[in-house]
Every structure is written in C-alpha cells, then in structure tokens.
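Here are the chains, one letter per residue:
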2 protein chains.
Amino acid sequence: MITTTRNLLKSVIAITLVAASLAAQQPTAPLFSQKTLDELQRVQAAALKSDRAYEWTAFLTNNIGPRFSGTPQAARAEQYVADEMRKLGLAVEMQKLKVPHWVRGEERAELVSWHGMTAGTIQKLVIKTLGGSIATPPEGIEAEVVVVENFAELERLGRERIAGKVVVFNYRFDRRLSDAGFGLEAYGQAVQYRSSGAIAAARYGAVASLVRSAGGSQNRLAHTGGMRYDPAVTKIPGAALSHEDADLIAHLAKQGPVRIRLKLGAETLPDADGHNVIADLRGSERPDEVVIVSGHLDSWDVGTGALDDAGGVAVSMQVPYILKQLGLQPKRTIRVIAYANEENGLVGGREYAARESSRLEKHFAAIESDLGVSHPVGILYAGRPEVGAAIEPILQILRSQGSGLTRRENGVGADIGPLTQRGVPSFAPWFNTRKYFDYHHTEADTFDKIDPDEMKKLAALMAVLAYALANAEGPLPR
Amino acid sequence: MITTTRNLLKSVIAITLVAASLAAQQPTAPLFSQKTLDELQRVQAAALKSDRAYEWTAFLTNNIGPRFSGTPQAARAEQYVADEMRKLGLAVEMQKLKVPHWVRGEERAELVSWHGMTAGTIQKLVIKTLGGSIATPPEGIEAEVVVVENFAELERLGRERIAGKVVVFNYRFDRRLSDAGFGLEAYGQAVQYRSSGAIAAARYGAVASLVRSAGGSQNRLAHTGGMRYDPAVTKIPGAALSHEDADLIAHLAKQGPVRIRLKLGAETLPDADGHNVIADLRGSERPDEVVIVSGHLDSWDVGTGALDDAGGVAVSMQVPYILKQLGLQPKRTIRVIAYANEENGLVGGREYAARESSRLEKHFAAIESDLGVSHPVGILYAGRPEVGAAIEPILQILRSQGSGLTRRENGVGADIGPLTQRGVPSFAPWFNTRKYFDYHHTEADTFDKIDPDEMKKLAALMAVLAYALANAEGPLPR
C-alpha cells in the first residue's frame, strides 16, 4: 500500500521501468515461425502414434529390472541407452561419475511386546530401510517405541522421553490432497520426516527412527527413499513403515508400552562407477546451443522404476527418434540426457551442471520428465514469469491432446535443478499426481502401471516442447 | 410356447397348482408383528450408534493379530470371543475341533535366466505359497516356465511341453467386472486356478504350479488362499504370483526361455486343537429354535484378517449386545457362532452341521457375514424363492440406511454352507465388492480398511435381520 508521495513517485518509476522492460522483451518477430508451428503438428501426430518409448521402457524395466546405483543393472541400462541412441545416429558421450553404492541387505521389524498381546507371539511389520541408512548392530535393536505426530511433538517430549527409544514419526501423507490431484504436494509435506527424521530423533537420544511412509500406498507397502545424516549428530538407523503398520503401532501405543525389534543389514560400499548418458542430435543453425530432454536412469532397488523414471528417460529418447523419422533437424542441438543416481545422491545432475558451468548460457533450455508417466495436463516451468506467455503457441498445439495448461514452480526436476538455479529456463511435463505416489518408491512401481496411450501423450508433449524450443527464433526471457 | 391341446391342458393344471401352492404359502397372519417391526426400528437405531463391533475388531486384529488355524493367536481369539460373550450373559460353548495346521515357512522365487538379462543378476518375484502346499526340496526347484492362459491351453500344450517345467497360470482377475462392483464374481472365475491348478499341471508332469493372484490387488501383493491335491495325482508345490510378476513372466516368456528358482518351506503339521465358539442368547418363546449369526474367527497368516473376517464375527457378536442394551429378548434363540478354520479346511462349518444334523429343522435360519465389511446394499439369501417376499418388511426398514435390496444365490457363506445345503434358510449381508478383493487374502487386509460408519450399517443390518427372524410369527418357506 502506498502511503507517501515519495513512495508514490517510486512506484510510478517502477511501473514505468517494468513496462519498458516488458516492451523490450516483446520479441519483434514471433518466437516460433509458421514453418516451425507446422512442423510441430507433424511431430505431435507422429509421437501420438509411436510405441517406441513404451518398448524402451519395457526393456529397461522387464528385461533389465531395477537399476539402483552401483548395480550391474544400472551399468547395463547405461550401455543400453547409449547403444539405442547410437543406432539413431546420435553422438553419444558417457560422462564418468562416482556414485554412492548403498546396499539394502536384510530388513526386519516386529513388535515383541504390547498391551493385550498373546504370549509367545510377535507382530511382523512391513518396513523398508531408507537409502543411506546405517545398519543396526548384527543382533538388532530392541527398544520401546515413542510415537510422535511431528517434529514439534518430538521437541515437546524431549530427551527424557525419547532417549533410548525408537521414534515413530507418524505424520500422515495427505490422501485428500492427493486424491484431489496434488500427490506431489502431499509428498512434499510428508517427505521431511523421511529426509531428516533420523537427525531430529538422534538429537534427543533415540536409537532408531521409523517414519510413516511418505507415499500414498494403502496396500501394506513401505515407501523407501533417501535420508540424511548430520555430521554433528550421532547416526541412527532409519526405515519407513507401511501406512498400516504405523497405524497399528500408534493404536497400540495409546494402550500401553510397545516394544519393537529392528534388524537392518544396510551397508554403504565404496563409491561405484556410473555414467550420465549424453546423446546429441546436432542442431543445423546453432549447434552449440542446447535444449536438454532428460530423465534419470537409476531407480530404487525395490520395484523396477517404470514410473520413476524409466518412462521419463524413454520419452526423452523418443524425441530424436521422432525427428529422425520425420526427417527434421532442429536448429539448436537437442541433447538427450539419461542421468545417473538421482535417487540416492543426485550426483548425475550435479556433475553435469558442474562440468557445463562455463557453458550455461549455451543451455537454451532444459526439460526433465520425472513426475510420473501418465496423461500430462500441461507444462511446468521455472524461470521468468514471461516464459509462460512465450510458450503459449506450444500450448495451443498441445491443447488438442488435452495438455494445454502451464504452471510455474521454483524447480521442476531434481536432475536439472542445478541448471535451473543458475538461470537455465527449465520445463517439465505436469501431471495430475493422484495415483503416482501410490506406487512411487515401492515394489509396485512396475511396467504395468504405464498406460501406453497416456505415454504417447507424454512423449508427444516432450517432442513438441523440445523441438519448439530448439527452433525458437529468439532467446527465452532469462 | 404351447403347441398342442394336451400341452395347453398340462399348463393350465400346472398354473393352477402353482397358484394353489402360493396361496397355501401365503401366511394367514403377517410374518412380523407390528410390535416386532417397532422394535426393529429401535434395534436399527441403536446399532447405527454403536462402536462395539469396531472396538472388538480392533482388538482381534491389532491386539491379537493374524489368527491362522493352529496358531496361539487363533486359540487366544477363541477365548476372547467366549469371554466377551460370557460378559454379556450368554451361554457359551466351545465346540472342540481338530483343525489343519499348515505353516508357511520360507517362500522365495526369482527369475534366474531370461532374454536380455544382465549377466549375474536375478529378478525377485513376489509370491505367496498357497495354503496346504507341499514344500519344494530344501535346495529349491530350478526349471523353465511355461505360461498358459487357462486350462484349455495347458491341455493343448500337453505333456511334451509341460513335463519338467513350472506352469504359470496367467488367468487374469477381471478388473472391469470388479470395478463394476462384482469383485466376488471376478474372484469366482479366477479362483479355480488357485484351487486346482497344481492338480492340473501335475497331470502333465509339471514340477510346480504358479497362479496369477485370484484377487484384484495391483500393488505387488500376491493373493494367498487354499489349494487342493488329488490323491491320484503327484503333489507339486503351488504358489501365487503378484499381478505384476505374472505380467513380467508372461512378457519375458514371449521373448525366449525363462528359468525360475523357487524355494518354499511350507509344512503340514499334525492337526491342531481349535474351537467353534457358540454363544446363545436364549429365546423367550421357542428357545429350542435357533437363528444363527456368524462369521469366521480364523484368518490367513499374512494380514490381520480385518475384512476377512474379524469384522464379520464382531458384527455377529454385536447382535446380542444391542438386544441386551435395549432390554429385548428374542422369541427364538439367537446363536452367535465364531467359526474356526474357514480359510484352510472349513472344519468349523462342517463339524457344526454334522453335530446338529438331527436338529436341523430347529435351525430357523442361518446368517453369516463373510463377504467384506463395508456399507451393505442389502441381503443375499439362499432358499426358496418365496423367502424374498417374506423378508420384504425387513428390507423396508433397511431402506432408510441404504440397504434395501435382495439377491438370491445358491450359497451365501462358506461356514453355513452345509446348513444351506440341507435346507436351512440362509442369509448374508450383500456388498458391492469393488474393493474387497484388492485386500482379501493379502498383507493389506488390516484394521484400517474398515470404515467405522460403514461398519455400523453392516452391524445394523445383522441385528435387524437376526431379531426379525428370531421373532417371526411363523416359519420361513423351506
């Protein structure tokens, strides 16, 4: 609210400057030529007919399987993607990396004592060790549990009530938010307990940290994912409980003391070799300028990572495939990147950005598909507000396939995040995430979860967006 | 269609007989007195307010846990139900039984060879040994798989293609039928492969039988359940594959030979002690006539059997609870039965009927709730067609809670089946079974799957139906 003449004057100047700036950004020519727009219609039509991405996903998930960092399957998948891109005539580079090599090992948890128990029995719990966790001692840990709903309750209970116990963070994934289509937002709220629960619990002397799953599954599946340690805080083991088992413990803990036995055999081995697979479809006019299309090739070890993120890699691979099929060469280089180690380290994304730090201005745009594989509702982007208007002609084309919305976010993909943070206009397919987190980071993230027709729409969006940006007549606002 | 005078005459006689018969069946007085109908309104209102069944279910599932035949938890649950019924002042009898005692033991399966595999890797499969299966040899079985869609394909392939192999029955649970509300029918179609797949496969020399899950879960859960052997056919081990793993194997088997390693540690121990818990609320006018309200107390060993069937037992227990609360004594005896060993033997139901074989005419009606715990849409019954009309006044009352339909079936509950077959009018709550088979016989059949408000409607239906039948002014058509 303007309260003084001086402020009023300031505001008028500011408004004038914004107007001038907007006028300056107004491209004298449209960002996309009529020829490009016509070609985009052909790109879209071809992608909507192609099964190529679906077939690649089948091979990555069914024939190769889980592709966790440091495993032979991860290495095999890198070679497979490189080979497939070479077959298309792309220039392929394998960016060498050292990636974390964590091994899950045995994981077992059971209740050994609770109110009303039947003598001599236990209750088995469904858990998944969190990525990066240390092991328990070989004989396991047996201790009483303390259930807290959130960090505030942990703090309130304090060391006296927490020391020597197993903390259960019972923060609930918001199913109503997820059912409304905002699973990503529900996940964003819950995931902090997974990430830093063990640090918080250890500060009060807990001997282990169990978190209610940060995903939406109500099918007795625990949701794995990465966790962090703080060098200044004692490391304690961390695992996720299924929704049902968290409910069980919370229910019993209200009735009396509950004791748990926990045995985790997790191990962190020396860093392993890994590679970002980088495949260039060279641009005809500005080959040194790059539009990235990407996903991450590694998956968690529990499912086969079809939704997260074989499908994202496959729809990226399909961009040059469709252009080759149509005989179209982009003006800028389209660079397919299959990132390594998104799940438990983010080494691939960080190392790529580090290597390219002197060439970031040549990165015209970066696209990543890592929020599911289903019918996209539109495009997420991170960058200047004006980008939304700039890509409107692309949205016009995508509207015919039911994908014509935009939304702006701070970050749109973990692997391209380091590029986004340094000003590279960044894009991602945007989904209704109602069901994605029912499968995400569980055994149930498998090939059958992908609908081939929905995947075609995703692949079409990727190809249209990438080709449009690669052929843009001028720069994007940045 | 009538084509001759003789046939016409026959038809006229037939029609006259039917009319006479209907007239004879027409009760001179209405089946339910106005006093009873007024009391039923009170019974319904009280049940719709009561949490008692929900609380009993919580204890059975959370505090006791899985209640598989032969386990300490099964015995504990029997004592618990007996104690709770005694607390209500009912006369409790424990019918001694010998029940099968099968132990699951270790269960592991993995693909060890397939087209495009990464050297040195395997693919873990999610399986559940079928109840009653024999073990594999201690070192496991390793063999090639043969995928068949149904029994006809097995027969077509014949011994030459089947001998020495692991047969995968890939018959798909009909999700569209289930999504339309007919999960029970979808299950009925699929379950034959689980029941008798091992017999069929062994006839052609197979070394093991794997069936695609007979339930609807698409969350990497395998669906356990009973299987049969034929004394004339070699016994081979049997297990269920998750939907996803069946898809995986079918997909890979189209590309080349697939080899599997299977290790099952199942064991059948000597029969164990078990009991039907039989609790009578004595009738005021015809105490020797009995209306049964029942469910089965045993569960599979994998979940905690909340839907199948702790909830069914609990809503049966709640019938006398509500009547006591209202100070109502039924004219006939209401008999609560918590049957033992429904899941893997059906000993409880069979032995009860055998014991009562000379008193079946004193069994006025039998009710069992074992098709889920959710909002009932009405009443299933087995018996003469006229029963539908006879219970119409009950349906009128239930309509106010959204449960006013009837459907007739041959059998309506496994435990009361032997009574049904011998003419006892039999009833069950009837559900939309869209979701029930997503959880049924899996780890995910847990307490959280029950909505307390829906359970109240189920409990109200049970109480209204049981009290109405117990107070009927005349016999049901039988």
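Residues numbered from 1 in each chain as written. Chains lettered and ligands numbered in written order. Predicted model: local features only at pLDDT ≥ 70, side-chain atom pairs only at ≥ 80, totals over all residues. Heavy atoms only, no water.

Student: Looking at this structure, how should I read the interface of chain A and chain B?
Tutor: One frequently used descriptor of interface size is the decrease in accessible area upon assembly of the parts. Across the contact, 40 residues belong to chain A and 40 residues belong to chain B. Taking both sides of the interface into account, the surface hidden between chain A and chain B amounts to around 2,700 Å²; carbon and sulfur atoms contribute 46%. Interface area lost by chain A to chain B is led by A:Asn62, A:Asn63 and A:Asn219, which between them contribute 21%. For the interface between chain A and chain B, the tally reads two salt bridges. (Contact = heavy atoms within 4.5 Å. Buried area = accessible area lost by both parts, 1.4 Å probe. Salt bridge = Lys/Arg side-chain N within 4 Å of Asp/Glu carboxyl O.)

Student: Explain the relation of the copies chain A and chain B to me, please; I cannot follow it from the model alone.
Tutor: In summary, the two copies of the chain are related to each other by a rotation about an axis coupled with a shift along it. Here chain A sits on chain B after a turn of 180 degrees about the axis and a move of 0.0 Å along it, with an RMSD of 0.0 Å. Taken together, the rotation and translation relating the two chain copies correspond to the operation of a two-fold axis. If distances are taken from each C-alpha of chain A to the rotation axis, the shortest is found for A:Asn219, at 3.3 Å. When the interface residues of chain A are mapped onto chain B, 100% of them again lie at the interface, so the same face is used by both copies. (Least-squares fit on C-alpha atoms with pLDDT ≥ 70 in both.)

Student: Just to check I follow, could you spell out the pairing of strand β12 (residues 332–339) of chain A for this structure?
Tutor: Residue and element names in this part refer to chain A. Summarising burial for β12: eight of the eight residues are buried, a large majority. Bridging between strand β10 (residues 267–281) and β12 involves five bridges; their strand directions are antiparallel. Paired with Ile278 across the two strands is Ile337, which belongs to β12. Bridge count between strand β11 (residues 286–296) and β12: eight bridges; the pairing is parallel. (Buried < 20%, exposed > 50% of the residue type's maximum accessible area, 1.4 Å probe, protein only. Helix = DSSP H or I, 4+ residues; strand = E, 2+ residues; numbered from the N terminus. Pairing = 2+ DSSP bridges.)

Student: Please clarify how the pairing of strand β16 (residues 426–431) of chain B should be interpreted in this entry.
Tutor: Two faces make up the sheet, and in a regular strand the side chains alternate between them. Residues and elements named next belong to chain B. Judged by how many residues are buried, β16 sits mostly within the fold: six of six residues are covered. Where strand β13 (residues 363–368) and β16 come together, two bridges link them in parallel fashion. When the sheet's bridge partners are listed, Ile367 is paired in β16 with Phe427.

Student: Sorry, what's going on with the domain arrangement of chain A here?
Tutor: Residues and elements named next belong to chain A. Parsing chain A into structural domains produces domain 1 (30–98 + 273–470) and domain 2 (105–265). For domain 1 and domain 2, the distance between their C-alpha centroids amounts to 34 Å. With 14 residues of domain 1 at the interface, the matching set in domain 2 holds 22 residues. A buried area of about 1,500 Å², summed over both sides, lies between domain 1 and domain 2, and 59% of it is on carbon and sulfur atoms. Between domain 1 and domain 2 we count three salt bridges in total. Residues Arg175 and Asp438 are paired through a salt bridge, measuring 3.1 Å at the closest nitrogen-oxygen approach. Our count for the domain 1 to domain 2 interface comes out at 10 residue pairs in polar contact (both at pLDDT 80 or more). Taken together, the residues that form the side of domain 1 that touches domain 2 break down as five nonpolar, five polar and four charged. (Domains from an automatic or database assignment. Polar contact = N/O pair within 3.5 Å; in protein donor to acceptor, adjacent residues only side chain to side chain. Nonpolar A, V, L, I, M, F, W, Y, C, P; charged D, E, K, R; others polar.)

Student: Even after reading the chapter, I still don't get the sheet that holds strand β1 (residues 91–103) of chain B, so can you show me in this structure?
Tutor: Two modes of strand pairing occur in sheets, parallel and antiparallel, and in both the strands are linked by backbone hydrogen bonds. Residue and element names in this part refer to chain B. One open sheet holds the eight strands; their spatial order is β1-β10-β12-β11-β13-β16-β14-β15, and the pairing between them is mixed. Of all the strands in the sheet, just β1 and β15 (405–408) have a single pairing partner and so form its edges. Taken pair by pair, the neighbouring strands of this sheet meet at an average axis angle of 25 degrees, ignoring direction. Note: strand β14 (residues 376–382) against β16, six bridges, orientation antiparallel. Across the sheet, Leu380 pairs through a bridge with Ala428, a residue of β16. Sheet contacts for helix α9 (residues 306–326): β10 (267–281), β11 (286–296) and β12 (332–339); angle to β11, the most-contacted strand, approximately 145 degrees. (Axes fitted to C-alpha atoms, helices over the stretch in contact; angles between N-to-C directions.)

Student: I tried to follow the environment of B:Leu40 on my own but got confused; where do I start?
Tutor: Residue and element names in this part refer to chain B. By the element assignment, Leu40 lies in helix α2 (residues 34–47). Residue classification places Leu40 among the buried residues on the basis of a relative accessible area of 0%. For the pair formed by Leu40 and Tyr467, sequence separation is 427 residues and the distance between their alpha carbons is 7.2 Å. Leu40 has contacts with Ile397, Val464, Tyr467 and Ala468, leaving out every residue within four places of it along the chain.

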